[in-house]
Amino acid sequence: MVDTRRGAADAFDMRRHLNVGQVIPAHPLALLPTRGMDERHQRALTRYYVAAGAGGMAVGVHTTGFAIHDAKIGLYRPVLELAAETANEALARDPRAFVRVAGLIGDTAQAVREAQIAQALGYHCGLLSLGAWRDATEPAILAHCARVAEVMPLFGFYLQPAVGGRRLSYAFWREFAEIQNVVAIKVAPFDRYATLDVVRALADAGRDDIALYTGNDDAIVPDLVTDVPVVSGGRAYTRHFVGGLLGQWAVWTSRAVEMLREIQLWRASGADTMPRAWLTRGAALTMANAVIFDAAHGYQGCLPGILEILRMQGLVRGTWTFDTHEQLSPGQADALTRLSEQYPDLADDDFVAERLDEFLA
């Protein structure tokens, strides 16, 4: 058994690692037809993300399936523990910084309890979902966030209303930025105005140490290549999204890593002009994401869409989730089958095929 305790996971500067910018896949859950965890393929997914060069992983988040947080199912600790153990085994062969992000949900008592479990398993920070707080006041939500941040560092999470989130004001994010133990924010409202509210709030709070991560799967490249003008303390400068924590990056992960590295090299070069090809690639990625996430049907086939890509690559056995009504939408399977051919520069089928036996070993 590999040591997954917190002490074994703290050999790097998490805040610096996040601010450099990383690809962080939102880790899916591999299930058997009986809805039990498929441990072999679950390990394969984690090995895939490490081998692809991801800078971390997020486990217990929406892409994993919020059902694992249900005490009756009892999989929260086992899923987090298996992912941490498998990542540690893979990283032991090629050590590097790798951030583990744990999904936290529920009321304050549940979120605190989950943060304590995650911290004990070696997770570095918690992605705090506010799905249970859709009808609460913003001051109540802020108090909740501050309490959980006392247990472990927070990766803030702005989730779009269409999949369980809620609209949060500029004032909310300005106050959220006052919580010292916030290390990053995943901005995923699928809304440009709301996205820029968060950027402006961080600037106004003077929190340049909080890393901005895109969760806008419909605008990944635009977020990563855009310098947002902000003013703080009379100083005009720009902020940008340094990386992403994305369900889209749960598939084709090695290509996502290549893409982020190219963008980082472009930024480091100091070039004034952004290559037009980036906008073209961004549009292709959004069109592919529309199929994977099933945007045409209100994201009903989102999780099955992600799993179907992984199934076709051999990384999981099927598209089962705990919600038996959660299935591919009509026509989605055929559309998913065509994606690799339509967007060969985005897919990493060859990368997976060359290493599949190793991932499944």
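Residues numbered from 1 in each chain as written. Predicted model: local features only at pLDDT ≥ 70, side-chain atom pairs only at ≥ 80, totals over all residues. Heavy atoms only, no water.

A.B. asks: Even after reading the chapter, I still don't get the pairing of strand β7 (residues 211-214), so can you show me in this structure?
C.D. replies: A regular strand carries its side chains on alternate faces of the sheet. Neither face of β7 is open: one carries Ala211 and Tyr213, the other Leu212 and Thr214, and all of them are buried. In this sheet, β7 lies alongside strand β6 (residues 182-188) in parallel orientation, the contact comprising four bridges. The partner of Val187 across the bridge, within β7, is Thr214. One crossover worth recording links β6 to the parallel β7 by way of helix α8 (residues 192-205), and it is right-handed. (Buried < 20%, exposed > 50% of the residue type's maximum accessible area, 1.4 Å probe, protein only. Helix = DSSP H or I, 4+ residues; strand = E, 2+ residues; numbered from the N terminus. Pairing = 2+ DSSP bridges. Right-handed = clockwise from strand over helix to strand, strands pointing away.)

A.B. asks: Even after reading the chapter, I still don't get the packing of helix α11 (residues 277-292) against helix α13 (residues 332-342), so can you show me in this structure?
C.D. replies: Working note: a packed helix pair is described by the angle between its axes plus the distance between those axes. Across the interface, α11 lies against α13 with an axial gap of 9 Å and an inter-helix angle of 145°. For the pair α11 and α13, the sense of crossing is left-handed. Every residue of α13 that contacts α11 at Ala288, Val291 and Ile292 is listed here: Gln332, Ala335, Leu336 and Leu339. Split by residue class, the contact of α11 with α13 holds six nonpolar, one polar and no charged. (Axes fitted to C-alpha atoms, helices over the stretch in contact; angles between N-to-C directions. Left-handed = near helix turned anticlockwise from the far one by under 90°. Contact = heavy atoms within 4.5 Å. Nonpolar A, V, L, I, M, F, W, Y, C, P; charged D, E, K, R; others polar.)

A.B. asks: Before we go on, may I ask you to explain the packing of aromatic side chains in this structure?
C.D. replies: Between two aromatic rings, the relevant description is the distance of the centres plus the angle of the planes. In the structure shown here, the tally under the stated rule is nine aromatic pairs. Ring plane angle 50° and centroid distance 6.4 Å describe the contact between Tyr48 and Phe351, whose orientation is recorded as tilted. Taken together, the residues Tyr48 in helix α3 (residues 39-51) and Phe351 in helix α14 (residues 349-360) connect sequence positions 303 residues apart. Residues Tyr48 and Phe351 agree in their burial class; the two are buried. Aromatic side chains Phe190 and Tyr299 sit 6.1 Å apart centroid to centroid with 90° between the ring planes, which places their arrangement in the edge-to-face category. Of this pair, Phe190 sits in the loop between β6 and α8 while Tyr299 is found in the loop between α11 and α12 (302-313), placing the two residues 109 residues apart along the sequence. (Phe/Tyr/Trp six-rings, centres within 6.5 Å; stacked < 30°, edge-to-face > 60°.)

A.B. asks: When you look at the packing of α3 against α14 in this model, what are you seeing that I'm missing?
C.D. replies: The interhelical angle for the contact between α3 and α14, taken along N-to-C directions, is 130°, at an axis separation of 9 Å. Accordingly, the angle class assigned to the pair α3 and α14 is oblique. Handedness of the crossing formed by α3 with α14: right-handed. Mapping the contact onto sequence places Arg40, His41, Arg43, Ala44, Arg47, Tyr48 and Ala51 in α3 and Phe351, Val352, Glu358, Phe359 and Leu360 in α14. Each residue belonging to the contact of α3 with α14 can be placed in one class, and the counts come to seven nonpolar, one polar and four charged. (Parallel < 35°, antiparallel > 145°, perpendicular 65-115°, else oblique.)

A.B. asks: What am I meant to see in α3 here?
C.D. replies: Residue pairs spaced three or four apart in an α-helix point in one direction, given the helix's 3.6 residues per turn. The end-to-end C-alpha separation of α3 is 18 Å, in line with the 18 Å expected for 13 residues at 1.5 Å each. Within α3, ten of the 13 residues are buried, which leaves the element mostly enclosed by the surrounding structure. Turning to α3, its buried residues number three or more, namely His41, Gln42, Arg43, Ala44, Leu45, Thr46, Arg47, Tyr48, Tyr49 and Val50. Packing partners of the buried residues in α3 comprise β1 (23-25), β2 (56-59), α4 (76-93), α10 (253-269), α12 and α14. Directly beyond the C-terminal end of α3, a positive phi value near 95° is found at Gly53. (Expected span 1.5 Å × (residues − 1).)

By themselves, these observations are geometric and do not establish any function.
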